[in-house]
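Descriptive analysis of the structure
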Amino acid sequence: MPLLIQNRALDRITSTGELFDRHPHLKENARTFRSQPLVYVDPKCLLYVQQREFAATTPADKSVSVIGSGDATTCHFVVLRHTGSGAVCLAHCDGSCTWSEIPLIVKAVTSLSNVSKEGRLELHLAGGFNDESKTSHKLSLNILAFQKQKEEIHLETCCITEMNDIVVDGNHSPVVYGIGVNVTTGDVFPSSFTHKGPAEELRSARTFTGGQMADIYDSSRGLVKIGPCSWSPNLDIGFWLSQEDDTILKYLSTSPLAEPPHFVQHMKTTIQFLLEHPSSDNLFPGGQPQLYHRSERGDWERAV
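Since this is a predicted model, take the numbers as computed values, not measurements. Residue indices begin from 1 for each chain and proceed along its sequence in written order. Owing to the predicted nature of the model, reporting of local features is limited to residues with pLDDT of at least 70; listing and counting of side-chain atom pairs is limited to 80 or more, with chain, interface and lining totals taken over all residues. To get the side-chain values, take all heavy atoms of the structure and skip hydrogens and water.

In this section: the overall build of the chain. Counting from the N terminus, the helices are DSSP H or I runs at least four residues long and the strands are E runs at least two residues long. Each helix and strand in the chain was counted, giving 7 helices and 19 strands. We compute the radius of gyration from the C-alpha atoms alone; for a globule the expected value is 2.2 Å times N to the 0.38, where N is the number of residues. A compact globule built from 304 residues would reach a C-alpha radius of gyration of about 19 Å, and the chain, at 19 Å, matches this within 12%. Each principal axis of the C-alpha atoms in the chain carries an extent, and together these give about 55 × 50 × 35 Å. Categorising residues by exposure relies on relative accessible area from a 1.4 Å probe, with only protein chains included: less than 20% of the type maximum marks a residue as buried, more than 50% marks it as exposed, and the intermediate range marks it as partly exposed. Split into buried and exposed, the 304 residues of the chain put 50% on the buried side. If you take every contact in the chain between residues at least 6 apart in sequence, the share linking residues at least 24 apart comes to 73%. Under the convention used here, a 1.4 Å probe and the Shrake-Rupley method define accessible areas, while residue burial counts only the protein chains that appear. For the chain, the accessible area works out to roughly 14300 Å², and carbon and sulfur atoms hold 50% of it. Of the charged side chains in the chain, 27 are positive and 35 negative, and the gap between their average positions amounts to 5 Å. Contacts are residue-level and defined by heavy atoms, with any inter-residue pair within 4.5 Å sufficient. In this charge count, Lys and Arg are treated as positive and Asp and Glu as negative; neither His nor the chain ends contribute. For this purpose, a charge sits on NZ of Lys, CZ of Arg, CG of Asp or CD of Glu.

Here we take up the sheet that holds strand β13 (residues 179-182). Within the open sheet, the 5 strands sit side by side as β3-β14-β13-β6-β4. Their pairing is mixed. Every other strand in the sheet has two partners, leaving β3 (39-40) and β4 (46-48) as the edge strands with one partner each. Note on pairing: two strands pair once DSSP finds at least 2 bridges between them. In terms of strand pairing, β3 meets strand β14 (residues 188-192) through 2 bridges, oriented parallel. Of the residues in β14, the one forming a bridge with Y40 is S192.

Read from one edge to the other, the open sheet built from 8 strands follows the order β2-β1-β10-β9-β7-β8-β5-β15, with strand pairing classed as mixed. Lying at the two open borders of the sheet, with one neighbouring strand each, are β2 (8-9) and β15 (214-215). Here strand β7 (residues 76-82) pairs with strand β8 (residues 88-93) via 6 bridges, running antiparallel. Across the sheet, H76 pairs through a bridge with C93, a residue of β8. Fitting a line to C-alpha atoms yields each axis, with helices limited to the stretch in contact; the angle taken between N-to-C directions then spans 0 to 180 degrees. Seen against the sheet, helix α3 (residues 98-110) touches β5 (53-57), β7, β8, β9 (121-127) and β10 (153-160) and runs at an angle of roughly 160° to β8. Together, β7, β8, β9 and β10 form the strand contacts of helix α4 (residues 135-143), whose direction differs from that of β7 by roughly 20°.

What follows concerns α3. Between the first and last C-alpha of α3 there are 19 Å, a value that for 13 residues agrees with the 18 Å anticipated at 1.5 Å per step. All of the buried residues in α3 are T98, E101, I102, I105, V106, A108 and V109. In an axial view of α3, the angular spread of the buried residues amounts to 155°, which keeps them on one side of the axis. In α3, the exposed positions that point more than 90 degrees away from the buried face belong to W99 and K107. Next to the buried residues of α3 lie β5, β7, β8, β9, α4 and β10. For a helix, the expected span equals 1.5 Å multiplied by the residue count minus one. This arc describes the spread of directions from the helix axis toward the C-beta atoms.

Right, let's get into the packing of helix α5 (residues 200-208) against helix α7 (residues 263-276). The contact between α5 and α7 brings their axes to 9 Å, and the two run at 90°. The orientation of α5 with respect to α7, classified from their angle, is roughly perpendicular. Where α5 abuts α7, its residues E200, E201, L202, S204, A205 and F208 lie against H266, M267, T269, T270, I271, F273 and L274. When grouped by side-chain class, the residues that make up the contact of α5 with α7 number 7 nonpolar, 4 polar and 2 charged. Our angle categories are set so that under 35 degrees counts as roughly parallel, over 145 as roughly antiparallel, 65 to 115 as roughly perpendicular, and the remainder as oblique. Amino acids outside the nonpolar list (Ala, Val, Leu, Ile, Met, Phe, Trp, Tyr, Cys, Pro) and the charged list (Asp, Glu, Lys, Arg) are all regarded as polar, and Gly is one of them.

Glycine aside, the phi torsion of most residues is negative, and most peptide linkages are trans. For the bond running from G197 to P198, omega is 5°, close enough to zero to count as cis. Here the bond from G227 into P228 is cis, since omega is 0°, no more than 30 degrees from zero. Residue R52 is not a glycine yet carries a positive backbone phi of 65°. Along the chain, the position of R52 falls in the loop between β4 and β5. Located in the positive-phi region is T161, a residue other than glycine, with phi close to 50°.

As paired strands, strand β11 (residues 165-168) and strand β12 (residues 171-174) are joined by 4 bridges and run antiparallel to one another. For V168, the partnering residue across the bridge sits in β12 and is N171. If you look at the hairpin formed by β11 and β12, you'll find 2 residues sitting between the two strands, and D169 has a positive phi there, around 55°.

Before going further, it helps to spend a moment on the packing of helix α6 (residues 245-252) against α7. Their axes nearest at 10 Å, the elements α6 and α7 cross at an angle of 80°. Classified by the angle their axes make, α6 and α7 are roughly perpendicular. Along the contact surface, α6 presents D245, I248, L249 and L252, while α7 presents F263, V264, M267, K268 and I271. Each residue belonging to the contact of α6 with α7 can be placed in one class, and the counts come to 7 nonpolar, no polar and 2 charged.

For the rest of this paragraph, the subject is the side chain of S136. Topologically, S136 is positioned in helix α4. A distance of 3.1 Å separates a polar atom in the side chain of S136 from the backbone nitrogen of F129. In this structure, S136 is in contact with T73, T74, H76, G128, F129, D131 and T161, ignoring residues within four places of it in sequence. Any pair of nitrogen or oxygen atoms within 3.5 Å is treated as a polar contact; in protein, a donor-acceptor pairing is required on top of that, and neighbouring residues in sequence qualify only through side-chain atoms on both sides.

Purely geometric stuff here, so don't read any function into it on its own.
Put into structure tokens, the structure is as follows:
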């Protein structure tokens, strides 16, 4: 079935500009979305999704009230929700393998939804900006491959690329760097996050070393699951720790002038983690994933 906009099938498009010209209400919706005040989410109710990860759950979940993700420049956030069951998925896509990722997102929601239940699949997109290399634009078009899925999917929010762009001191950057979705109500909103765990460094290392899109949450048990994943020892990456910030931004970012202030430190921390763990074997005893559950204090705690 095609991707639907106001109950009409989306015709083939060749640019995001064409999309917004044909459907001006999406422009207005995007302006409204990006103008909302940032919501600072309490870590005690948050499930944070990093780059190249996705997570899905339902309103019955007692451990997670908000799924969120941040630090996106050219990356896009994808939220898919079934209005009948309330099942919702948030993914942080970077363009590494979008065509294979979209079916995973759809399956994550439909597998948690009663197919006979009334309701429909609604899609919310945010992220990207008018970057010089057009990376955001290419990813936007790839993500609209939701129109290739067999399910009817209704595009509701589309705050992407040029509609998520602002010019500051002559430089383009995103307006919205992070979003959250309320698991109970389905509300999607611009967000900022101070806590990005559990296992933030391990998860960043997985992505840095080429890990593919991963489902990080078992909603039936309320468990965050990381790995197992593997990487090869590479002591040469220690080179980056002695480089100037501008050099790291130039070579390790898709958008050097738009990155958040903590980007360089995040890269250095990830590289240091990989140097301290040249092999991932000891991080996953017996080849089993690391599991985390919500403790009584409200943080994510390693499950024994």
